[in-house]
Amino acid sequence: AQTVTQSQPEMSVQEAETVTLSCTYDTSESNYYLFWYKQPPSRQMILVIRQEAYKQQNATENRFSVNFQKAAKSFSLKISDSQLGDTAMYFCAFKGSGANSKLTFGKGITLSVRP
Amino acid sequence: DTGVSQDPRHKITKRGQNVTFRCDPISEHNRLYWYRQTLGQGPEFLTYFQNEAQLEKSRLLSDRFSAERPKGSFSTLEIQRTEQGDSAMYLCASSLVGGIGYEQYFGPGTRLTVT
């Protein structure tokens with residue numbers, strides 16, 4: 001069974017600065033997908049960024065980028081130029097390949113952006 | 001595209017009562033998922049459907065839980081004889097088989113409180 005670990009329960013960052021959220025996972029599969037989801041307070045979860053395991057290039061989406069280390073099974077999220085609207089819980093999630101369709105989530109990290 | 005909707009948004013019930021939640025996925029999405037999220041935790045997979053077929057159920061889904069997706073459109077999740085431990089946010093998500101990155105789109109959730 002796959003597991004996803006987010007060991008930092010909370011982080012805080014000053015507006016306009018950069019912050020990195022950590023995630024590690026465990027799997028025996030060689031092809032899979034990794035995601036970061038954002039859940040703002042009292043609002044629904046939205047996808048921030050995805051990474052296909054077979055792609056060596058790290059994914060980027062505007063101010064969001066990942067550091068994907070397949071051998072180390074590490075998948076961290078870097079948020080550049082943090083904005084107040086980035087305040088939310090962030091969840092790392094794993095999806096296996098093929099018929100295995102469900103997402104396995106970590107416990108999440110609460111990120112607070114200070115003005 | 002109106003997104004994933006869930007009804008009701010909040011439900012308070014007494015222990016021992018039955019409750020039913022509804023999820024309407026994005027119209028062209030053929031996969032529909034149910035997750036449960038307790039306070040301070042990441043979502044945990046309960047079950048998923050492809051069209052009207054229920055393809056996987058988690059061990060978390062006890063005999064008191066049943067889910068249906070008649071005609072492959074909306075889905076209902078029923079909890080019979082509710083217990084205080086059932087108090088949680090119940091999230092629905094949908095996706096398109098073969099969609100980009102298998103992205104799952106989440107609804108706003110139904111928050112269940114069992115008193």
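Here, the structure is the one placed above.
Rules and cut-offs
Residues numbered from 1 in each chain as written. Chains lettered and ligands numbered in written order. Predicted model: local features only at pLDDT ≥ 70, side-chain atom pairs only at ≥ 80, totals over all residues. Heavy atoms only, no water. Contact = heavy atoms within 4.5 Å. Buried area = accessible area lost by both parts, 1.4 Å probe. Salt bridge = Lys/Arg side-chain N within 4 Å of Asp/Glu carboxyl O. Polar contact = N/O pair within 3.5 Å; in protein donor to acceptor, adjacent residues only side chain to side chain. Helix = DSSP H or I, 4+ residues; strand = E, 2+ residues; numbered from the N terminus. Phe/Tyr/Trp six-rings, centres within 6.5 Å; stacked < 30°, edge-to-face > 60°. Buried < 20%, exposed > 50% of the residue type's maximum accessible area, 1.4 Å probe, protein only. Lys NZ or Arg CZ within 6 Å of the ring centre and 35° of its normal. Disulfide = S-S within 2.5 Å. Pairing = 2+ DSSP bridges.

Asks: For this particular structure, what's the right way to read the interface of chain A and chain B?
Replies: Often, the extent of an interface is quoted as the loss of accessible area on bringing the components together. Contacts between the two partners involve 17 residues from chain A and, on the opposite side, 21 residues from chain B. With both sides pooled, the region where chain A packs onto chain B buries about 1700 Å², and carbon together with sulfur makes up 52% of that total. When the buried area of chain A at its contact with chain B is split by residue, Gln44, Ser101 and Lys102 of chain A rank highest and sum to 28% of it. Where chain A touches chain B, the interface holds 2 salt bridges. The interface formed by chain A and chain B holds 6 residue pairs in polar contact (both at pLDDT 80 or more) in total. The set of elements that each furnish at least two residues to the side of chain A that touches chain B consists of strand E5 (32–39), strand E6 (46–52), strand E10 (88–96) and strand E11 (103–105) of chain A. The greatest single-element share of the side of chain A that touches chain B, amounting to 4 residues, is contributed by E5 of chain A.

Asks: What is the right way to read the packing of aromatic side chains from this model?
Replies: Applying the stated criterion across every chain, the model contains 17 aromatic pairs over all chains. A ring pair is formed by Tyr33 of chain B and Tyr48 of chain B, whose centres lie 5.4 Å apart and whose planes are at 25 degrees; its orientation type is stacked. Of this pair, Tyr33 of chain B sits in strand E4 (residues 31–37) while Tyr48 of chain B sits in strand E5 (residues 44–50), placing them 15 residues apart in sequence. Each member of the pair, Tyr33 of chain B as well as Tyr48 of chain B, is classed as buried. Members of the aromatic cluster, connected to one another through ring pairs, are Phe35, Tyr37, Phe91 and Phe105 of chain A together with Tyr33, Tyr35, Phe45, Tyr48 and Phe106 of chain B. Arg22 of chain B extends its terminal NZ or CZ atom over the ring of Phe74 of chain B, reaching a point 3.9 Å from the ring centre.

Asks: Even after reading the chapter, I still don't get the state of the cysteines, so can you show me in this structure?
Replies: Simply put, the disulfide is a covalent bond whose two ends are the sulfur atoms of two cysteines. Taken as a whole and assessed by the stated rule, the structure comprises 2 disulfides over all chains. Note on cysteine connectivity: Cys23 of chain A is disulfide-linked to Cys92 of chain A, with sulfurs 2.0 Å apart. Measuring the twist about the S-S bond at about -70 degrees, one finds the Cys23 of chain A-Cys92 of chain A disulfide to be left-handed. Separated by 69 residues along the polypeptide, Cys23 of chain A in the loop between strand E3 (19–21) and strand E4 (24–26) and Cys92 of chain A in strand E10 bring together distant segments of the chain. Neither residue differs from the other here; Cys23 of chain A and Cys92 of chain A are each classed as buried. Between Cys23 of chain B and Cys92 of chain B runs a disulfide, and the two sulfur atoms are separated by 1.8 Å. Its S-S torsion of about -70 degrees marks the bond between Cys23 of chain B and Cys92 of chain B as left-handed, since a negative value means left-handed. Taken together, the residues span a long stretch of sequence, with Cys23 of chain B in strand E3 (residues 19–24) and Cys92 of chain B in strand E9 (residues 88–95) at a distance of 69 residues. For Cys92 of chain B, a relative accessible area of 0% translates into the label buried.

Asks: Looking at this model, I keep getting lost on the pairing of E6 of chain A. Mind explaining?
Replies: Here is the key point about a regular strand: its side chains alternate between the two faces of the sheet. Residues and elements named next belong to chain A. Burial analysis of E6 places 5 of its 7 residues in the buried class, the great majority of the element. Strand direction decides the pairing type here: E5 and E6, joined by 6 bridges, are antiparallel. Within E6, the residue paired with Tyr33 across the bridge is Glu52.

From the geometry alone we can't say anything about function, so treat these as descriptive.
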